[in-house]
Amino acid sequence: MTDTRLRSTISRAVEIDRQIADLTAELKTLKEQIATEAETRPDEAVPTEGGGASITFEGDDGCIARVTQAGATLKSTLKPSDKKFARIKEAAGGDFTRLFETEVVHRPVADFRKFAAELLGTIKARTLVKLCETAGKITVSFETKDAEKAA
């Protein structure tokens, strides 16, 4: 890609990024308005399989907006440091160990990479760190000037 083509591509991407940001903000507001309206019409809601409720509205052209309140879900894990843990344990009483499984989890310490290198040496630490890493994702972000100022 030539420098000219790259500059043009970046400018177009920034223009689209601005449009998406504006439309995303507008869409968020519209969704909030629709969800708020659904709250005022609980009698029109239909129960869902998961214990929640759903209400469907129709637009001018036959399109629909469905507002669904999902049913409550169980937390996947509970930590002894959680605010409600003591109350949960008390509510479960003597059956706590029958209702919950204990699982040991290992987390890397602060400054793990540096500490591993100090303890294991550079080569062994590199191997350990690589085994403990998840590949980072690639992102493209834009720093934009205001459209009026850029012109």
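Here the residue numbers are simple positions, counted from 1 along each chain's written sequence. Only residues with pLDDT of 70 or above have their local features reported here, since the model is predicted, and side-chain atom pairs are shown and tallied only from 80 upward, although totals for entire chains, interfaces and linings are computed over all residues. Excluded from the side-chain calculation are hydrogens and water; included are all heavy atoms of the structure.

Enquirer: What should I look at first to understand the packing of aromatic side chains in this one?
Expert: Geometrically, a pair of aromatic rings is defined through the distance of the ring centres and the angle of the planes. What counts as a ring pair is set by centres within 6.5 Å for rings of Phe, Tyr and Trp (its six-membered ring), and what kind of pair is set by the plane angle: stacked under 30 degrees, edge-to-face over 60, tilted for all other angles. Considering all chains together, one arrives at two aromatic pairs under this definition. Taking 5.8 Å as the distance between ring centres and 80 degrees as the angle between the ring planes, the aromatic pair formed by Phe 85 and Phe 96 counts as edge-to-face. You can see Phe 85 sitting in helix α2 (residues 85–92) and its partner Phe 96 sitting in helix α3 (residues 96–99), a full 11 residues away along the chain. Phe 96 shares its class with Phe 85; the two are buried. Through successive ring pairs, a cluster of aromatic residues spans Phe 85, Phe 96 and Phe 100. Consider the ring centre and the ring normal. A charge sits over the ring if Lys NZ or Arg CZ is within 6 Å of that centre and within 35 degrees of that normal. Above the ring of Phe 96, the side-chain terminus of Lys 89 is found at 5.4 Å from the ring centroid. The way it works is that DSSP assigns letters per residue, a run of H or I at least four long becomes a helix, a run of E at least two long becomes a strand, and they are numbered from the N terminus. Relative accessibility under 20% of the residue-type maximum defines a buried residue, over 50% an exposed one, and the middle range a partly exposed one, all with a 1.4 Å probe and only protein chains included.

Enquirer: What's the story with the sheet that holds strand β2 (residues 53–58) in this structure? I'm lost.
Expert: Hydrogen bonds between backbone groups are what pair the strands of a sheet, and the pairing can be parallel or antiparallel. Pairing between two strands is assigned when DSSP locates at least 2 bridges connecting them. Pairing is antiparallel across the open sheet formed by three strands, whose spatial order is β1-β2-β3. Each edge of the sheet is formed by a strand with only one pairing partner; in this case those strands are β1 (46–47) and β3 (64–69). Bridge analysis of β2 against β3 gives six bridges, and the strand direction is antiparallel. Pairing of Ile 55 across the sheet is with Val 67, part of β3.

Enquirer: Would you mind showing me how to read a nonpolar patch on the surface here?
Expert: In this scheme, patches are assembled from residues that exceed 30% relative accessible area and form no salt bridge. Like charges are connected within 9 Å, while nonpolar side chains (Val, Leu, Ile, Met, Phe, Trp, Tyr) are connected within 5 Å. Residue exposure ignores everything except the shown protein chains as possible cover, and the areas themselves are Shrake-Rupley values with a 1.4 Å probe. Salt bridge, as applied in this entry: a Lys or Arg side-chain nitrogen positioned within 4 Å of an Asp or Glu carboxyl oxygen. Among the surface-exposed residues, Val 109, Phe 115, Leu 119 and Leu 120 lie close enough to one another that they form a single nonpolar patch of about 370 Å² accessible area. For Leu 119, the position within the fold is in helix α4 (residues 112–120).

Enquirer: Honestly, the side chain of Ser 54 in this entry has me stumped. Any pointers?
Expert: Looking at the element boundaries, Ser 54 is found in strand β2. Any pair of N or O atoms that falls within 3.5 Å is considered a polar contact. Within protein, one atom must be able to donate a hydrogen and the other to accept it, and sequence-neighbouring residues count only if both atoms are side-chain atoms. At 3.2 Å, the side chain of Ser 54 forms a polar contact with the side chain of Thr 68. With residues up to four places along the chain from it excluded, the contact list for Ser 54 reads Glu 44, Ala 45, Val 46, Thr 48, Arg 66, Val 67 and Thr 68. Note on definitions: a residue-residue contact is assigned when non-hydrogen atoms from the two residues lie within 4.5 Å.

Enquirer: Would you mind showing me how to read the pattern of salt bridges here?
Expert: Oppositely charged side chains may form a pair once their charged atoms are brought near each other. For the structure on display, the rule yields five salt bridges. A salt bridge links Arg 98 to Asp 95, with the nearest nitrogen and oxygen atoms 3.6 Å apart. With its nearest N and O atoms 2.9 Å apart, the salt bridge here joins Glu 133 to Arg 113. You can see Glu 133 sitting in the loop between α5 (122–132) and α6 (147–150) and its partner Arg 113 sitting in helix α4, a full 20 residues away along the chain. Since its relative accessible area comes to 39%, Glu 133 is described here as partly exposed. By relative accessible area, Arg 113 is classed as exposed at 56%. Through salt bridges with shared partners, one network takes in Glu 37, Arg 41 and Glu 44.

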